[in-house]
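Remarks on the overall topology
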Amino acid sequence: MYLPRELISKLYVHLQNTRHPLSPPVLILAALEPDALCACRILTRLLKHDYIPHKIHPIAGYGDLERAGQALVAPMMETRGGSGGVVVCLGVGGMVDMGTILGLEVEGEESSFGGVEVWIVDAHRPWNLGNVFGGYPLEPASDVATSYQARAPEGVISGRIGRSYKPGKGGIVVFDDGDVAEGLDTERDAYLALVDMPDIEDDGDIYGDSDSESDDEVEEQQPKPGQKRKSWSDPDEESSDDDDRPRQRRRSNSSTPIPDSPRPAQRGLISIRDPGMILSDTAEDPPSAAQPPKRPSARSLRKKLLRMKAEHEGVLRKYYRMGASYSEPITAMIYSLASELGREDNNVLWLTIVGVTSMELYGRSSAGLAVTVRGPDTTSSTGWMGVRGARLRQLLRDEVRRLNPPDLAPLNGRVSPAESAGIIPTTARSPEDTSIRLSPEPKFLLIRHWSLYDSMLHSPYLFAKLRIWSESGLKRLHKLLAKMGVSLVQCKQSYTHMDMMLKKELRTKLLKYASLYNLDDMVPAAETDGRDRAGTKDGWGFVRSWGWRATLSAQDVGVVIGALLEVGKYGASIADDSRNQSSQVTEVIDDGGVAESQEWVGRFWEAYDALENIDALKAGLPTAQYLHRAIFRTGTSLLGKRQIKHLHAFRMCVIKDVPDAPLFNHPAALTKLALWIGEALAEQEKDATGKLAHGGRGTPLVVASLNEKRGVYVVVGTGGGGGPDLAFLDRQGAKGKAAKREAKAKEREAKYKIREEKRAARKAERDDEDDEEDDETESDGSDSSDSEDEDEGLEARKERGYGLNKFGSAFQDVIAETNARVRIDSFEHCVVEVRKDDLGGFLESLSMKAVVG
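Reading the values: the criteria
Residues numbered from 1 in each chain as written. Predicted model: local features only at pLDDT ≥ 70, side-chain atom pairs only at ≥ 80, totals over all residues. Heavy atoms only, no water. UniProt positions renumbered as here; feature names shortened; annotations may be inferred. Pairing = 2+ DSSP bridges. Helix = DSSP H or I, 4+ residues; strand = E, 2+ residues; numbered from the N terminus. Salt bridge = Lys/Arg side-chain N within 4 Å of Asp/Glu carboxyl O. Buried < 20%, exposed > 50% of the residue type's maximum accessible area, 1.4 Å probe, protein only. Axes fitted to C-alpha atoms, helices over the stretch in contact; angles between N-to-C directions. Contact = heavy atoms within 4.5 Å. Core = buried A, V, L, I, M, F, W, Y, C linked by side-chain atoms within 4.5 Å. Polar contact = N/O pair within 3.5 Å; in protein donor to acceptor, adjacent residues only side chain to side chain. Right-handed = clockwise from strand over helix to strand, strands pointing away. Parallel < 35°, antiparallel > 145°, perpendicular 65-115°, else oblique. Left-handed = near helix turned anticlockwise from the far one by under 90°. Nonpolar A, V, L, I, M, F, W, Y, C, P; charged D, E, K, R; others polar. Phe/Tyr/Trp six-rings, centres within 6.5 Å; stacked < 30°, edge-to-face > 60°. Expected span 1.5 Å × (residues − 1). 1 Å grid on protein atoms, 1.4 Å probe; cavity = no way out; pocket = protein on both sides within 12 Å on 5 of 7 lines; lining within 4 Å. Points joined across faces, edges and corners; volume = space filled by probe spheres on them. Domains from an automatic or database assignment.

Under an unreviewed UniProt entry, the name given to the protein chain is CDC45-like protein, and the source organism is Pseudomassariella vexata. Per UniProt, the comment on the protein chain under Subcellular location (unreviewed entry) is "Nucleus". Turning to the protein chain, the UniProt record has this under Sequence similarities (unreviewed entry): "Belongs to the CDC45 family."

As judged from the two bridges shared by strand β13 (residues 364-365) and strand β14 (residues 368-371), these two strands associate in the antiparallel manner. For S365, the partnering residue across the bridge sits in β14 and is G368. In textbook terms, the turn of a hairpin is the stretch between consecutive antiparallel strands, and for β13 and β14 this stretch comprises two residues.

Here we come to the pattern of salt bridges. Under the definition given, this model contains 35 salt bridges. Here R125 and D179 are joined by a salt bridge, their closest N and O atoms 3.4 Å apart. Of this pair, R125 sits in strand β6 (residues 124-125) while D179 is found in helix α6 (residues 179-183), placing the two residues 54 residues apart along the sequence. Each member of the pair, R125 together with D179, is buried. Taking the shortest distance from any N to any O, the salt bridge between D838 and R821 comes out at 2.8 Å. Of this pair, D838 sits in the loop between β23 (831-835) and α30 (839-846) while R821 sits in the loop between α29 (807-817) and β22 (822-823), placing them 17 residues apart in sequence. One continuous salt-bridge network, built from bridges that share partners, spans R5, R125, D177, D179, E328 and R388.

Here the focus is the sheet that holds strand β17 (residues 551-553). What the three strands build is an open sheet, ordered β15-β16-β17; its pairing is antiparallel. Two strands in the sheet have a free side with no partner beyond their single neighbour: β15 (436-439) and β17. Neighbour-to-neighbour, the strand axes of the sheet open up by a mean angle of 30°, direction not taken into account. Where strand β16 (residues 541-545) lies against β17, three bridges are found, and the strand directions are antiparallel. Residue pairing for β17: V543 is matched across the bridge by S553. Of the strands in this sheet, β15 and β16 are in contact with helix α13 (residues 386-403), which crosses β15 at around 130°. Sheet strands touched by helix α20 (residues 554-566): β16 and β17. Its angle to β17, the strand with the most contacts, is close to 80°.

All right, on to the nonpolar core then. In terms of nonpolar packing, the biggest core is built from 220 residues, with L65, L90, L452, F842 and L846 touching the most fellow members. With residues up to four places along the chain from it excluded, the contact list for L65 reads L29, I59, V92, M98, I101, L102 and F827.

Now for the side chain of D50. Secondary-structure assignment places D50 in the loop between α2 (34-49) and β3 (54-59). A residue is classified by how much of its surface remains accessible, and D50, at 15% relative accessible area, is buried. At 3.1 Å, the side chain of D50 and the side chain of Q16 are in polar contact. Residue contacts for D50: discarding those within four places in its chain leaves Y12, Q16 and R343.

Time to look at the pairing of β3. For strand β2 (residues 26-31) and β3, the ladder comprises six bridges, and the chain directions are parallel. When the bridges of β3 are listed, A30 appears paired with P58. Since β2 and β3 lie parallel, the crossover through α2 that links them has a hand, and here it is right-handed.

Another point: the packing of helix α24 (residues 621-640) against helix α25 (residues 667-689). One can describe the packing of α24 onto α25 by two numbers: an axis separation of 10 Å at closest approach and a directional angle of 45°. By the criterion of interaxial angle, the relationship of α24 to α25 is oblique. In terms of crossing hand, the pair formed by α24 and α25 is right-handed. Contacts between α24 and α25 involve L627, H628, I631, F632, T634, G635, L638 and L639 from the former and A669, K672, L673, W676, I677, A680 and L681 from the latter. Here the contact of α24 with α25 is built from residues that sort into 11 nonpolar, three polar and one charged.

The description of two aromatic rings rests on the distance between their centres and on the angle between their planes. Counting across every chain of the model gives 15 aromatic pairs. Judged by centre distance (5.8 Å) and plane angle (50°), the ring pair of W119 and F175 falls under tilted. With W119 in strand β5 (residues 116-121) and F175 in strand β9 (residues 171-175), the pair connects residues that are 56 residues apart, well separated along the chain. The same class applies to W119 and to F175, which are both buried. Between W605 and Y608 the ring centres are 5.6 Å apart and the planes differ by 80°, which places this aromatic pair in the edge-to-face class. Taken together, the residues span about one helical turn, with W605 and Y608 both in helix α22 (residues 594-610) at a distance of three residues. Classification of Y608 as buried rests on a relative accessible area of 7%.

Taking 1.5 Å per residue, 16 residues should reach 22 Å; helix α12 (residues 346-361) reaches 22 Å between its end C-alpha atoms and fits that length. Extensive coverage of α12 is indicated by the burial of 13 of its 16 residues. For α12, the N-terminal cap is D345; the gap from its side-chain oxygen to the backbone nitrogen of N347 is 3.2 Å. Two residues or fewer past α12, G363 is found with a positive phi of approximately 70°.

For the rest of this paragraph, the subject is empty space enclosed by the protein. For the coordinates displayed, the defined rule picks out 17 cavities of 30 Å³ or more. Here the largest cavity defines a volume of roughly 460 Å³. If you go around the largest cavity, you meet 31 residues; those closest to its centre are A60, W600, H666, P667 and S826. Each residue belonging to the lining of the largest cavity can be placed in one class, and the counts come to 15 nonpolar, seven polar and nine charged. The residues that make up the lining of the largest cavity include at least three from each of domain 1 (2-187) and domain 2 (642-747 + 800-852).

What follows is the structure in structure tokens.
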């Protein structure tokens with residue numbers, strides 16, 4: 001089932017009204033990522049305010065999720081001695097069948113879910129359609145309600161929860177941010193048609209002739225009312241063609257579940273009436289009264305059913321193989337819930353801003369996991385989340401202004417001159433200042449907590465633009481500083497201790513010399529620059545103060561929280577220990593990553609505490625600096641030594657035998673390195689050819705890091721740069737078409753009037769023959785212009801899925817075609833683990849696949 005956005009508070013209000021101190025606690029399953037971490041913090045604030053008991057369980061991957069289902073979720077079911085309850089999944093499980101992986105739907109049991117209600121708030125796409133349009137407990141079968149859809153709970157229509165729905169019976173509920181309601185109509189129709197379709201085997205003779213079947217044989221394949229039909233996607237059955245099988249999953253050699261490309265789940269009791277009723281819309285014209293109606297033969301009905309089934313499965317297959325992408329950050333969804341409840345405040349808003357900012361830091365956009373193509377226009381379709389992302393950032397800026405009005409009293413009604421001039425704030429306004437402010441943040445890294453030189457040196461933006469991995473690139477950086485009048489001695493001091501006049505003039509100098517080095521978007525516009533759009537402060541960042549104790553930007557917090565999750569509080573010592581252990585290992589023992597997952601879960605609590613403890617957050621700054629120094633060293637080495645190979649479909653590089661290799665055993669840290677390198681490669685492509693390869697999307701990149709301790713390679717595949725703003729195009733497509741048709745109609749009408757006026761004027765001077773020739777000429781010109789407009793419209797309207805990251809589907813194809821020992825356990829389906837000995841064959845087969853849409 002899916003909960004539309006306008007009803008986002010419905011389930012929480014019901015939970016609020018029905019919970020009491022003896023109720024079972026709400027179980028929160030949170031992914032190990034900053035966005036989910038911030039959303040978890042916001043949700044627990046709401047639950048504490050309403051005195052609702054809850055407990056948090058971090059989830060590292062699919063194996064961990066299945067173990068949590070067995071140990072924590074299954075005992076909650078009423079059929080197993082529990083009392084039901086609510087499970088909230090933050091960043092977890094949106095792409096897989098949660099009823100199966102959590103053990104809530106047991107084959108052969110009539111009452112599924114056992115009173116357990118699962119809420120899924122996830123930004124990963126594509127959705128698992130079984131969660132979206134199914135996932136509800138079935139009402140008892142009756143003579144009237146025999147089909148799957150007819151047995152849906154009251155208030156649920158085609159999977160959509162309405163206002164009359166009464167929670168409490170269990171089920172899976174997907175929180176829709178608008179994508180389902182506005183973009184999945186075709187997939188919904190196909191899915192719902194399949195779940196109520198007879199289970200007829202395809203013997204490959206859809207169009208050919210075969211021995212006729214009797215009506216009795218067809219009826220034998222149909223389950224009787226009240227009988228549970230074996231799903232056409234039973235996980236225990238193996239099939240060579242499983243592209244459209246919803247529950248079939250492969251397992252790795254380590255016997256840890258590897259989710260297949262997410263498939264629709266066909267569940268429940270299914271009863272089929274006369275097949276002729278299903279195909280009534282395809283029947284021929286009614287016969288005359290003289291002839292009795294002729295009943296279609298079983299053979300013709302079977303052919304039609306198989307055709308319909310193939311068409312619907314093709315729709316679902318195309319959706320699942322469209323590629324991975326990201327929708328609205330889950331912190332934004334939880335903030336919407338808090339806003340509906342009237343609970344938004346500065347703390348909730350700040351956590352939302354940090355979560356949204358972290359999505360951009362990790363390259364998660366509407367084009368999937370990909371390098372952000374930077375441009376001077378921050379609202380262009382190539383930016384992070386495209387137009388949708390620009391709207392979200394503008395909404396956050398409006399909320400900052402609403403909840404943090406400027407303090408005008410000390411300045412006689414005037415805004416602070418420092419803020420109006422666009423100076424980067426580094427201190428609070430007063431010892432009690434905890435406000436959030438807008439700041440023209442340059443694209444530097446941790447500038448308040450590093451020297452200006454180190455901040456610029458470790459910036460991925462400047463690393464790519466100035467080619468800092470080379471000696472000439474470093475000279476360009478030094479020359480830029482020299483032109484700005486900043487000596488190396490000054491810029492290598494801590495930024496907070498730099499000369500005050502130099503800090504005040506820094507922004508002006510950056511804007512003055514940025515264009516000389518093609519750094520036009522290095523610093524966002526300010527209101528005084530004349531480039532800001534009506535004072536909206538596009539591209540400005542967010543800064544918060546904790547009195548005199550600290551002032552940090554949202555990007556600073558996102559970088560620190562990410563480093564705590566990926567490296568841990570004691571990152572340097574852990575990395576040194578890992579290197580010493582890997583050099584002494586003589587026998588590789590792989591436990592399927594269980595021990596590694598447990599270590600990552602421990603880091604979750606460090607990051608969770610740091611979000612609301614400024615001292616713990618400041619203590620994590622050295623860890624963040626250590627991680628990004630390692631990224632800089634490794635990226636410089638790979639690019640400088642030309643260790644990046646260009647294969648058929650992508651570029652690739654392998655990290656091994658380098659000092660910092662143990663740090664990149666974590667998929668998120670490896671992803672940051674891949675994005676760092678990918679941005680540099682995109683700039684190289686633009687310099688060499690004047691544009692990005694692959695239709696402006698850039699060349700995809702595969703980065704593999706060797707885990708010596710376990711004898712596996714962690715492999716991540718990032719898409720090229722950008723791609724269209726799919727969410728915006730999908731939602732605005734119909735409106736755009738209607739507007740174009742209306743504009744063309746008006747244009748044709750205007751041309752017709754002009755033509756009529758000219759014809760009337762010419763009739764007085766020319767004969768009818770000349771007039772007819774003119775009509776033909778003008779008509780031909782009009783038709784050609786219309787055809788050109790249509791061609792341009794078709795070219796502008798990209799196919800759905802254009803530019804998306806398809807590494808997840810490509811990995812699945814390679815697994816099916818080769819004997820490579822591969823394990824997919826990450827919620828990012830473009831991340832896999834490959835046995836050390838199988839990497840060569842795996843990459844060779846992968847190079848022949850389409851990895852970007």
